[in-house]
Each structure stands twice: as structure tokens, then as C-alpha cells.
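A structural walkthrough
Chain by chain, the residues:
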Amino acid sequence: MFSQYNNFKAASIRLSHFFTMIALPDNIQLLPATLDFLSKEHRLFIGGAWVAPLNGKTLPVENPANGQLIAQIPLADARDVDAAVIAAQKAFDPDFSPSKRARLLWTLADLIRQHVQELAELETLDNGKPIDQAKADVLGAAQHFRYYAGWADKIEGHTIPVSAKNRLVYTRREPLGVVGLIVPWNFPLLMAAWKLAPALACGNSVILKPAEQTSLTALRLGELIAAAGFPPGMVNIVTGPGIPTGEAMTRHPGIAKIGFTGSTAVGKKIMEAAAQSNLKRVSLELGGKSPNIIFEDAPLEAVQRSLTWSSFYNSGQECTLGSRIYIHNTLFDQVVDGLAAAGQQLRLGNGLLNPDLGPLISQQQYRRVQGYIDQGLAEGATRILGERQDQVPEEGYFLPPTIFRHQNEELSIVQEEIFGPVVVVSAFEDPESIAARANHSAYGLAAAIWTKDISKAHRLAHQLQAGTVWINGYDMFDPAVPFGGYKESGIGREMGKSALDLYTQEKAIWVAL
Ligand code: NAD
């Protein structure tokens with residue numbers, strides 16, 4: 001699959017202990033800072049120092065656009081996690097000045113913005129996503145740190161009037177201590193920011209574990225965290241796979257809480273490990289299979305503009321995407337034809353060339369998604385788009401946008417999260433039946449409703465079992481708005497004021513006057 005490098009020129013760099021060639025598309029150059037970072041021997045960030053893993057092991061990292069080795073990252077095991085916990089415990093200071101926390105977070109946001117291009121290049125090489133989308137992620141991460149910089153000195157308790165006389169009762173919101181943050185590969189830097197920013201604003205010390213496929217931006221972020229002046233040990237970064245690295249965190253008695261984004265299957269393992277160890281708190285942002293509901297009176301032009309991206313953005317590797325599309329039968333053909341035509345036009349390619357869609361993250365994910373496509377065909381769903389292969393590059397883990405039509409909610413491609421550029425479309429006639437169909441899912445992350453009838457939209461929004469409902473739009477986000485899942489899509493709400501509850505605990509103090 002990866003034998004040819006036609007049209008690609010190569011930048012030769014020294015990757016820690018050996019030379020390798022980074023294959024670059026014609027007319028594309030990387031910043032010297034990106035090449036410098038790639039040429040480093042990557043280490044763990046523990047107690048403010050960059051240290052080798054105690055077992056000396058590393059993991060290879062590949063570029064999913066061409067299968068090329070681009071880095072080796074350290075493989076931390078339980079002993080490294082233990083060292084990170086000790087460093088974080090030492091750094092934890094519940095009296096650390098709130099305004100200083102705010103300044104550190106704001107400085108970090110500034111540093112991220114100053115390094116947008118470099119961070120985006122690393123993200124694109126590591127994850128495959130188009131460079132403009134990687135830049136949007138980096139800017140989103142900076143925005144998150146700024147938003148929570150604003151909260152750091154506003155985390156207040158309250159006074160409570162009680163029935164007994166001569167009592168003063170007040171509450172404090174106190175940090176939890178050492179918090180473990182485990183993030184996935186689909187939005188590596190952004191997901192790290194969603195957790196780091198509120199956890200640090202609330203006064204915790206943290207241990208961040210990025211996904212093993214995409215750890216480079218987290219490691220570069222560690223350098224920016226040091227440059228911003230965070231005290232040693234307040235932020236620690238360990239890299240490695242779910243087992244042993246992630247599991248060692250979830251079972252560690254010195255970690256008070258795990259903030260996790262990833263698959264529902266791993267979310268369940270994390271709850272189990274938390275229960276079997278020290279009953280640490282967990283918050284979980286998990287999978288989704290979100291319904292996108294288009295009524296007969298939908299604003300059609302806006303639907304068509306939105307639908308391509310709400311179906312295929314990030315090559316379908318986004319938890320909120322509207323992968324179950326329900327369309328009123330009066331519009332069905334028109335909407336589906338429009339989506340198929342737009343899907344066919346999408347340019348797939350190496351993210352450095354800024355195509356519409358990059359590759360899937362790995363060969364494993366490619367095979368998983370291809371397996372679902374095969375299963376959809378075997379189950380009798382009709383493939384409307386996805387057979388044409390000429391838009392798919394010869395090398396890399398690319399799959400074309402794929403649409404299946406069905407009328408059976410029980411199919412596995414309708415019920416299970418595929419996490420690739422695959423959507424299912426289905427017609428409906430009776431608007432009253434649509435809430436039941438939309439809610440017939442183990443997931444409940446997000447949903448969208450398209451109609452000009454605002455009463456109908458709100459009525460349905462209240463009926464849908466989803467943590468977020470968008471009306472006449474899709475994937476609208478802001479750091480100020482709580483986000484999280486119903487049912488098996490998760491526990492807890494990130495973002496906004498809600499995230500402060502995830503990273504603090506409430507204490508009630510009684511005084512007999
Ligand atoms: P994953 O669950 O395989 O891995 C996520 C993280 O957990 C990685 O860092 C991984 O190393 C770690 N991990 C794996 N096994 C572990 C274990 N036993 N103990 C501790 N840590 C472990 O998920 P993924 O494949 O990286 O990401 C895709 C999934 O993430 C999809 O299901 C997607 O829907 C979900 N996701 C959800 C949201 C959300 O906000 N709800 C956002 C992005 C992604």
C-alpha cells in the first residue's frame with residue numbers, strides 16, 4: 001500500500017537515534033520548528049523535567065496519510081505513572097493563588113496562538129487531518145484555556161440559610177487533588193484542552209495521557225506549559241497505550257479522578273477500575289450515533305450546506321456527527337441526491353495539501369470501518385454512495401464518503417458507532433414517530449432538528465434523549481456551553497460552568513454562633 005512516493009519529495013531528518021525521510025507533497029515545506037521537534041528524542045514530562053521511561057521502551061508513530069514512521073514516543077508503564085503521581089502530589093497546593101492560575105492559563109493560550117502553524121503541522125502529520133482543520137483545533141484549544149482562565153478566580157461557594165437558629169453555614173468548592181486525564185486521537189490537542197483547562201483552573205494537579213496514535217501535540221504542549229511558567233509537577237504528561245499506561249492511571253490509588261474521552265467500551269473499563277481501586281470519581285465523554293432529523297418544512301439550502309460536514313467532517317471520526325439521518329419522505333430523494341453529489345466531490349488527500357478529508361487514523365480503524373461497510377451490504381442496506389474509488393488516494397488509510405439507505409433500525413450499521421465516513425439515511429412519514437426512532441439507540445450524545453416551525457422544533461428537542469440538540473444548524477460549539485452525553489454517551493458535562501463541578505468537590509462548613 002505504501003510502496004510509492006510519486007509526487008512526494010522528502011525532508012530528511014534525524015529521528016532520535018536514526019535517520020528517516022519525512023515524505024512531503026510537492027511544494028509543501030514544514031516549519032523548521034516542526035522538523036526540530038520531530039527530530040527530538042521524545043520523553044515523558046514528569047515533575048517539570050523531561051525523563052526517559054524507566055523501562056526504556058518506545059512506541060512507533062506513523063503518518064496515516066502514507067504509513068510512514070514519523071516519531072518514536074515513550075511507553076510509560078505503572079512505575080512511570082507512579083512517578084507522575086508523586087510529582088503531582090508534591091505540586092498540589094490547594095492555596096495556590098487563583099489569579100496566578102488565571103495568568104498561567106492565559107499565558108499558555110497566548111503561547112498556543114503563537115505556535116499555531118507548528119502545532120497544526122504536528123497534528124496533521126500525526127492524525128492526518130487537513131491542515132486548516134488542524135489550525136481550527138489549535139485555535140479552539142487556545143480559546144478553551146482563555147475561557148477557563150476567566151473562571152480560575154471565580155470559583156465560589158455560597159451561604160445557606162438553615163432552620164436552626166444561630167447557625168452559619170457556608171460551602172467551599174475545593175480541588176480534588178491529583179486528576180488523571182485520558183484523551184482520544186480524533187481531536188488530540190483540543191480534547192486535551194477541554195480537560196486540562198478546567199482541571200487547572202479549579203486548582204488540581206494533573207497527569208495527561210494522550211492517545212498513543214497522536215501524542216505529538218501533547219508533548220509539544222508540555223514544552224509550552226513549561227515556558228508559560230507552570231510550577232513543576234502541576235502538569236505531567238505520560239505517553240503510551242491504554243494498557244499499561246492508561247490502566248495504571250485508572251487503578252492508581254493516588255489519583256482522585258479520571259476525566260476520560262474515548263469509546264464507550266473503554267469508558268466502562270474505567271468505571272470498573274475506579275470501583276476496584278479507590279472509588280475515584282470519573283467523568284466520561286463517550287461515543288455517539290446522533291440523529292439528524294430533516295422535516296418537510298426544513299430550510300433546504302441550509303440543510304444541504306450543513307449536511308456534507310455534519311456527515312463526513314474529520315473523515316467521520318467525530319463523536320457528535322449526524323451519522324443517522326432521518327428525512328421526511330417528501331424531501332428524501334432531493335436531500336439524499338444532494339448529499340451524494342456533495343460527498344462525491346469531496347477531495348481526499350494528504351492533510352498537508354489541505355484537502356476536504358484526510359485518512360482514517362490507522363490501519364486498524366480502516367479495517368474496522370471497512371468491516372461495517374461489508375456488514376451493511378450483507379445486512380441488506382442499499383449503498384447509495386461509496387463504490388466509486390477514483391477519489392481515493394493509492395496510499396494511506398483512505399475510505400470514500402459512504403451513504404447507506406435503510407428502513408430497519410435494528411441493523412448494526414444503524415445501531416453501532418462506525419467512526420468513519422459512513423452515514424445511514426432513512427425516510428419518515430409520520431412526524432409523531434420520529435422521536436421514538438431517534439431515541440432508539442444506546443447512545444445519546446447529540447441530535448439535530450431542521451424545520452421552520454419553531455414550536456415543533458422545541459417540542460421535539462425536549463423529547464430527544466441527547467446531551468445537545470441543535471436546531472437548524474449542526475456542530476455549534478462554544479467553551480461556555482455544557483457538553484456531554486445521555487445514556488451510554490457518557491457521564492458528566494464538560495465545558496461551561498458545568499466543568500467546574502467535574503474538577504472540584506463541595507464542602508459544607510457549619511458554625512454554631
Ligand atoms: P479509545 O477508547 O480506544 O481510547 C481513548 C483513550 O483511552 C486513549 O488514550 C487510549 O489509550 C485510552 N485507553 C484505552 N484503553 C484503556 C484502558 N483500558 N484504560 C485506560 N485508558 C485506556 O477511543 P479512541 O478510539 O481513541 O477514540 C474514539 C472514541 O472516542 C469514539 O468512540 C468517539 O465517539 C469517542 N469520542 C467521544 C467524544 C465525546 O466528547 N463524547 C469526543 C471524541 C471522541
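The model shown is predicted, which means the values in this text are computed figures rather than measured ones. (Residues numbered from 1 in each chain as written. Predicted model: local features only at pLDDT ≥ 70, side-chain atom pairs only at ≥ 80, totals over all residues. Heavy atoms only, no water.)

**Section: the environment of Ile509**
In plain terms, the rule: Strands are runs of DSSP state E lasting at least 2 residues, helices are runs of H or I lasting at least 4, and numbering of each runs from the N terminus. Think of it in three bands: residues with accessible area under 20% of the maximum for their type are buried, residues over 50% are exposed, and the middle band is partly exposed, with areas taken using a 1.4 Å probe on protein chains only. The contact rule is simple, with two residues in contact once any of their heavy atoms fall within 4.5 Å.
Residue placement: Ile509 occurs in strand S23 (residues 504-512). Taking the relative accessible area as the measure of exposure, Ile509 reaches 22% and is therefore partly exposed. Taking C-alpha positions, Ile509 is 8.1 Å from Leu168, a pair spaced 341 residues apart along the chain. Residues within four places of Ile509 in sequence aside, it is in contact with Leu168, Val169, Tyr170 and Arg172.

**Comments concerning the site of the ligand**
Let me state the cut-off plainly: Nearness of a residue to a molecule or strand requires only that one of the residue's heavy atoms be within 4 Å of it. Distance and chemistry together define a polar contact, namely a pair of N or O atoms within 3.5 Å, with one atom able to donate a hydrogen and the other to accept it when in protein, and with adjacent residues in sequence counting only for side-chain atoms on both sides. For every accessible area listed, the method is Shrake-Rupley and the probe measures 1.4 Å; residues are considered covered only by the protein chains on display. Bear in mind that the domain bounds are from an automatic or database domain assignment.
The ligand sits among 28 residues. The nearest are Val183, Glu212, Ser263, Leu286 and Glu417. Within the backbone of Leu286, a nitrogen or oxygen atom sits 2.7 Å from a nitrogen atom of the ligand. Protein contact buries 90% of the 840 Å² of open area that the ligand shows by itself. Where the shell around the ligand is concerned, the elements lending two or more residues are helix H8 (242-250) and strand S11 (257-261). Both domain 1 (8-285) and domain 2 (291-480) contribute no fewer than three residues apiece to the shell around the ligand.

**Side note on the sheet that holds strand S16 (residues 402-405)**
Definition in use: One bridge is not enough; two strands pair if DSSP finds at least two bridges between them. Helix axes are fitted only over the stretch in contact, all axes being lines through C-alpha atoms; the angle between N-to-C directions runs from 0 to 180 degrees.
Spatially, the seven strands line up as an open sheet ordered S15-S16-S17-S14-S13-S19-S20, and their pairing is mixed. Looking at strand neighbours, the two that pair on one side only are strand S15 (382-385) and strand S20 (468-471), the edges of this open sheet. Taking the axes of each pair of neighbouring strands and ignoring which way they run, one obtains an average angle of 25° across the sheet. Inspection of the sheet shows strand S13 (residues 291-294) paired to strand S19 (residues 446-450) by three bridges, in the parallel sense. If you follow Asn292 over to S19, its bridge partner there is Ala448. The sheet strands contacting helix H12 (residues 363-378) are S15, S16 and strand S17 (422-428), and the helix crosses S16 at an angle near 30°. Contacting S13, S19 and S20, helix H15 (residues 454-463) runs over the sheet at an angle of about 165° to S20.

**Focus: the domain arrangement of the chain**
How we decide: Buried area, as used here, totals the accessible surface that two parts lose on assembly, with accessibility defined by a 1.4 Å probe and the loss added over both. A side-chain nitrogen of Lys or Arg and a carboxyl oxygen of Asp or Glu constitute a salt bridge if their distance falls within 4 Å. For this scheme, ten residues count as nonpolar: Ala, Val, Leu, Ile, Met, Phe, Trp, Tyr, Cys and Pro. Four count as charged, namely Asp, Glu, Lys and Arg, and the remainder, Gly too, count as polar.
As far as domains go, the chain holds domain 1 (8-285) and domain 2 (291-480). For domain 1 versus domain 2, the distance between C-alpha centres works out to 30 Å. With 31 residues of domain 1 at the contact, the number on the domain 2 side is 29 residues. Summed over both partners, the interface of domain 1 with domain 2 comes to about 2,500 Å²; 63% of that surface belongs to carbon and sulfur atoms. Area buried by domain 1 at its contact with domain 2 is led by Pro64, Gln133 and Trp185, which between them contribute 21% of it. Connecting domain 1 to domain 2 are zero salt bridges. Here domain 1 is connected to domain 2 by seven residue pairs in polar contact (both at pLDDT 80 or more). Those elements that place two or more of their residues in the side of domain 1 that touches domain 2 are strand S2 (18-25), helix H4 (116-127) and helix H5 (131-151). Broken down by element, the residue count for the side of domain 1 that touches domain 2 peaks at seven residues, all from H5. Tallied by class, residues from the side of domain 1 that touches domain 2 come to 15 nonpolar, 11 polar and five charged.

**Examining the nonpolar core**
Selection rule: By convention a nonpolar core is built from buried Ala, Val, Leu, Ile, Met, Phe, Trp, Tyr and Cys residues, the set being connected through side-chain atoms within 4.5 Å.
Counting 82 residues, the largest nonpolar core has Leu108, Ile112, Phe145, Leu196 and Phe230 as its most contacted members. Counting residues per element, this core draws most heavily on helix H6 (residues 188-201), at 11 residues. Split by domain, this core shows at least three residues from each of two domains, domain 1 (8-285) and domain 2 (291-480). Among all residues touching Phe145, those that are not within four sequence positions of it are Leu105, Leu108, Ala109, Ile112, Ala193, Leu196 and Ala197. By size, the runner-up hydrophobic cluster in this structure holds 28 residues, among which are Ile325, Val335, Leu348 and Tyr474.

**Let's talk about the packing of helix H3 (residues 98-114) against H5**
The axes of two packed helices give the description: the angle between them and the distance between them. What counts is decided by this rule: Small angles under 35 degrees read as roughly parallel and large ones over 145 as roughly antiparallel, with 65 to 115 read as roughly perpendicular and the rest as oblique. Handedness of a helix crossing follows the sense of rotation of the near helix relative to the far helix, less than a right angle counterclockwise being left-handed and clockwise being right-handed.
Remark: H3 packs on H5, axes separated minimally by 8 Å, with the N-to-C direction vectors making an angle of 165°. The angle between H3 and H5 falls in the class roughly antiparallel. H3 and H5 meet at a crossing whose hand is left-handed. Across the interface between the two elements, Ala102, Leu105, Trp106, Leu108, Ala109, Asp110, Ile112 and Arg113 from H3 touch Val138, Leu139, Ala142, Phe145, Arg146, Tyr148 and Ala149 from H5. When grouped by side-chain class, the residues that make up the contact of H3 with H5 number 12 nonpolar, no polar and three charged.

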